[in-house]
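Overview (structure and organization)
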2 protein chains.
Amino acid sequence: MTKRPERIADKIAEKLRSAIVGGRLRPGDALPSERELAEQYDVNRSSIREAMGRLETWGLVKIRHGGATRVSDFLMGAGLELLPHLVELGGKVDPAILEDLHSLRGMLLGWCAEMAARKADAGDVEKLEGLVRQLSDPKAKSSALQVLDYDFYQELVRISGNRVLGLFTNVVREVYLKGPDGFASLYGRDVFDPSHHRVAVAAIRARDGAKAGAAMRAHAATALRTREETT
Amino acid sequence: MTKRPERIADKIAEKLRSAIVGGRLRPGDALPSERELAEQYDVNRSSIREAMGRLETWGLVKIRHGGATRVSDFLMGAGLELLPHLVELGGKVDPAILEDLHSLRGMLLGWCAEMAARKADAGDVEKLEGLVRQLSDPKAKSSALQVLDYDFYQELVRISGNRVLGLFTNVVREVYLKGPDGFASLYGRDVFDPSHHRVAVAAIRARDGAKAGAAMRAHAATALRTREETT
DNA sequence: CCGTGCTAACTGGTCGGACCAGTCATGACC
DNA sequence: GGTCATGACTGGTCCGACCAGTTAGCACGG
């Protein structure tokens, strides 16, 4: 948990990022000039420039030679790589974003289970069954269960063969498993009840896409419901 | 079509990016030192540093103070922000990735149409109707229709209120509208037949989520089918 | 009075050269 | 053979200068 010695540009980019996604800097606002920022933070202009470069590649600001650097409407222009930053706004998890993420993931979960049912071979099914077995271990910790649950998801994505969904999954994993226990503390242990997974795997083995999708959607819905109850 | 005068850091980052995703630089390989690169490209080291910063935020390289900068295994851990770079591998569009992208987008299209039906207010519906009107213009160019079609999608996402889906959409837009005509040349004009959009808007106005979702899914399926026919 | 166009004071972009701060291979020493 | 100092790398930060676009304001001609 100790902070690694961070580059100046990263620290400043981080400050500004948080100011932007936190709403203290609104889309359209002009940032102070690089020279001003350099003086303000008491660092060299080069460091400010590198920080600005990061903000720009994150889609948070628009730099124009000769004109002021302005905050862009990042919800309009930023990519998914911003997600990890949005989630831990000021160190606290933003529940609304998390809600969005989970509902989206739930739907994708169902969808790729359907595709997996059409494409899985014997080896794939075996892998999934292995994961279900581990998920059923009564001695497993909640954090471990969360990882397994995600591994199951990622395996479904792999079997579905959709590489774009694979990239998406990589980003979400970073968010989902953040921190020492991921979000395990946010959810009860029952969230990882493997019964839905078991049903899904059986359906995939039987090439029943609809049933597999329904099972995984039910699993995701359970997670959401459990979360609402604890709110 | 004329190239805007590009920053040299961007040009160099672009060169290296293409070398990495093109496989000329493999994961684990060490890049030349910043001083070497500066001499090699005959630019200042600052420009090289800014280029490296971009590569790092793209997840393509790992920079370590004191050690060499190495290409990271982006295929394993990279996020969706890499999609635009992957698609134009070597200047050519990879049809398989595009296929994955379209099927995923189609499903999301249906899903957020359902959510939009639950959340849209009068102003939202009006906006959608305006877009449908423009889509119905018989004089519109194919490229313009593609932009409108995407605007319609993006508007649905906005109405759905799912911010994570919004971020995803931003990335996809970059890919989808790449090049002078986007992918308009890949699809026939009939792909942008607005009849499905019309049905969807009517359903959203009537709060009929299922119908709206079905209409947009049908639209996406048409696009895919049309593409397969022309293959 | 309005518009036009020049100019000056901004903005970001590039330069080079100095020095600080980690890493790592090498080789003397135990 | 192991270990640890050391120097030659690597990237990180700083400075100060100048180039190159943008913009706002002012003087000028209509």
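What counts and what doesn't
For every chain, the first residue of the written sequence is number 1, and numbering continues from 1 onward in sequence order. By the order in which they are written, chains take letters starting at A while ligands take numbers starting at 1. Only residues with pLDDT of at least 70 get local features here, since the model is predicted, and only at 80 or more are side-chain atom pairs given and counted; chain-wide, interface and lining totals rely on the full set of residues. To obtain the side-chain values, all non-hydrogen atoms of the structure were included, while hydrogens and water were left out. Put simply, a residue is near a molecule or strand once any heavy atom of it comes within 4 Å of that molecule or strand. As used in this structure description, the phrase polar contact means that two N or O atoms lie within 3.5 Å; if the pair is within protein, one of them must be able to donate a hydrogen and the other to accept it, and residues adjacent in sequence are counted only when both atoms belong to side chains. Helix and strand labels come from DSSP, where a helix needs a run of H or I of at least four residues and a strand needs a run of E of at least two; each type is numbered from the N terminus. Asp, Glu, Lys and Arg are counted as charged, while Ala, Val, Leu, Ile, Met, Phe, Trp, Tyr, Cys and Pro are counted as nonpolar; the rest, among them Gly, fall into the polar class. The contact criterion used is simple: two residues touch if any of their non-hydrogen atoms lie within 4.5 Å. In this description, buried area is defined as the sum, over both parts, of the accessible area (probe of 1.4 Å) that is lost when the two are combined. Detection works on a 1 Å grid of protein atoms alone, calling trapped sets that fit a 1.4 Å probe cavities and calling open sets with protein on both sides within 12 Å along at least five of seven lines pockets, with lining residues defined by an atom within 4 Å of a point. Grid points are joined across faces, edges and corners, and a volume is the space filled by probe spheres set on the points. In what follows, a disulfide is any cysteine sulfur pair within 2.5 Å. Each residue gets one of three labels from its accessible area relative to the maximum for its type: buried under 20%, exposed over 50%, partly exposed in between, using a 1.4 Å probe on protein chains only. Superposing copies: least-squares fit, C-alpha atoms only, residues required to have pLDDT of at least 70 in both. Side-chain rings of Phe, Tyr and Trp, where Trp is taken by its six-membered ring, are said to pair if the distance between their centres is within 6.5 Å; with planes under 30 degrees apart they count as stacked, over 60 as edge-to-face, and otherwise as tilted. Whether a charge sits over a ring depends on NZ of Lys or CZ of Arg being within 6 Å of the ring centre and within 35 degrees of the ring normal.

Some thoughts on the protein's contact with DNA strand D
Every one of the 24 residues lining DNA strand D counts as a neighbour, but Ile8, Arg64 and His65 of chain A together with Arg45 and Arg49 of chain B are closest to it. Each atom of DNA strand D within 4 Å of the protein belongs either to a base or to sugar and phosphate, the latter forming 68%. Here a phosphate oxygen of DNA strand D sits 2.6 Å away from a polar atom, N or O, in the main chain of isoleucine 8 of chain A. In the environment of DNA strand D, a phosphate oxygen lies 2.8 Å from a nitrogen or oxygen atom belonging to the side chain of arginine 64 of chain A. Residue assignment for the surface near DNA strand D shows that the elements contributing at least two residues are helix 3 (45-57) of chain A together with helix 2 (34-41) and helix 3 (45-57) of chain B. Across the surface near DNA strand D, the residue classes tally to 3 nonpolar, 11 polar and 10 charged.

Let's talk about the interface of chain A and chain B
Each partner contributes residues to the interface: chain A has 39 residues there, and chain B has 37 residues. At the boundary of chain A with chain B, total buried surface from both sides reaches about 3300 Å², with 62% on carbon and sulfur atoms. For the chain A face of the interface with chain B, the top three residues by lost area are Arg163, Val164 and Leu167 of chain A, together amounting to 18%. At the boundary of chain A and chain B, one finds 13 residue pairs in polar contact (both at pLDDT 80 or more). Those elements that provide at least two residues to the side of chain A that touches chain B are helix 3, helix 4 (74-77), helix 5 (83-87), helix 6 (95-119) and helix 9 (163-176) of chain A. Broken down by element, the side of chain A that touches chain B gets its largest block of residues, 9 residues, from helix 6 of chain A.

Side note on the protein's contact with DNA strand C
Inspection of the region around DNA strand C gives 23 residues, with Arg45 and Arg49 of chain A together with Ile8, Asn44 and Arg64 of chain B positioned closest. Counted by atom, the contact set of DNA strand C within 4 Å of the protein is 63% sugar and phosphate. Only helix 2 (34-41) and helix 3 of chain A together with helix 3 of chain B provide two or more residues apiece to the surface near DNA strand C. Ranked by the residues each element gives to the surface near DNA strand C, the list is headed by helix 2 of chain A, at 3 residues. Among the residues forming the surface near DNA strand C, the class breakdown is 3 nonpolar, 10 polar and 10 charged.

Some details on the layout of surface pockets
Taken as a whole, the second largest pocket spans an internal volume of roughly 1600 Å³. Considering the residues around the second largest pocket, the lining is formed by 41 residues, among which Arg7, Asp10 and Arg54 of chain A together with Glu56 and Lys62 of chain B are closest to the centre. When residues of the lining of the second largest pocket are traced back to their parent elements, those giving at least two are helix 1 (8-21), helix 3, helix 5 and helix 9 of chain A together with helix 2 and helix 3 of chain B. Take the lining of the second largest pocket: its biggest share by element is 6 residues, from helix 3 of chain B. A breakdown of the residues in the lining of the second largest pocket according to their chemical character gives 11 nonpolar, 12 polar and 18 charged.

What to know about the state of the cysteines
Using the criterion set out here, one finds 0 disulfides over all chains in the structure. Here cysteine 112 of chain A stays unpaired: no disulfide links it, and the sulfur of cysteine 112 of chain B, its closest cysteine neighbor, is 18 Å away. Residue classification places cysteine 112 of chain A among the buried residues on the basis of a relative accessible area of 0%.

Describing the relation of the copies chain A and chain B
Take chain A, turn it by 180 degrees, move it 1.6 Å along the axis, and it overlays chain B with an RMSD of 1.7 Å. With respect to symmetry, the two chain copies, as superposed, fit the operation of a two-fold axis. The position closest to the rotation axis in chain A is occupied by the C-alpha of leucine 80 of chain A, lying 2.5 Å away. Of the interface residues in chain A, 92% have counterparts in chain B that sit at the interface too, so the contact is made through matching surfaces.

Notes on the packing of aromatic side chains
Residue and element names in this part refer to chain A. Inspection of every chain in the model, using the stated rule, returns 3 aromatic pairs over all chains. Taken together, a centroid distance of 5.3 Å and an interplanar angle of 85 degrees make the contact between tyrosine 150 and tyrosine 153 edge-to-face. Taken together, the residues span about one helical turn, with tyrosine 150 and tyrosine 153 both in helix 8 (residues 142-160) at a distance of 3 residues. Directly above the aromatic system of tyrosine 153 lies the positively charged group of arginine 105, at a separation of 5.0 Å from the ring centroid.

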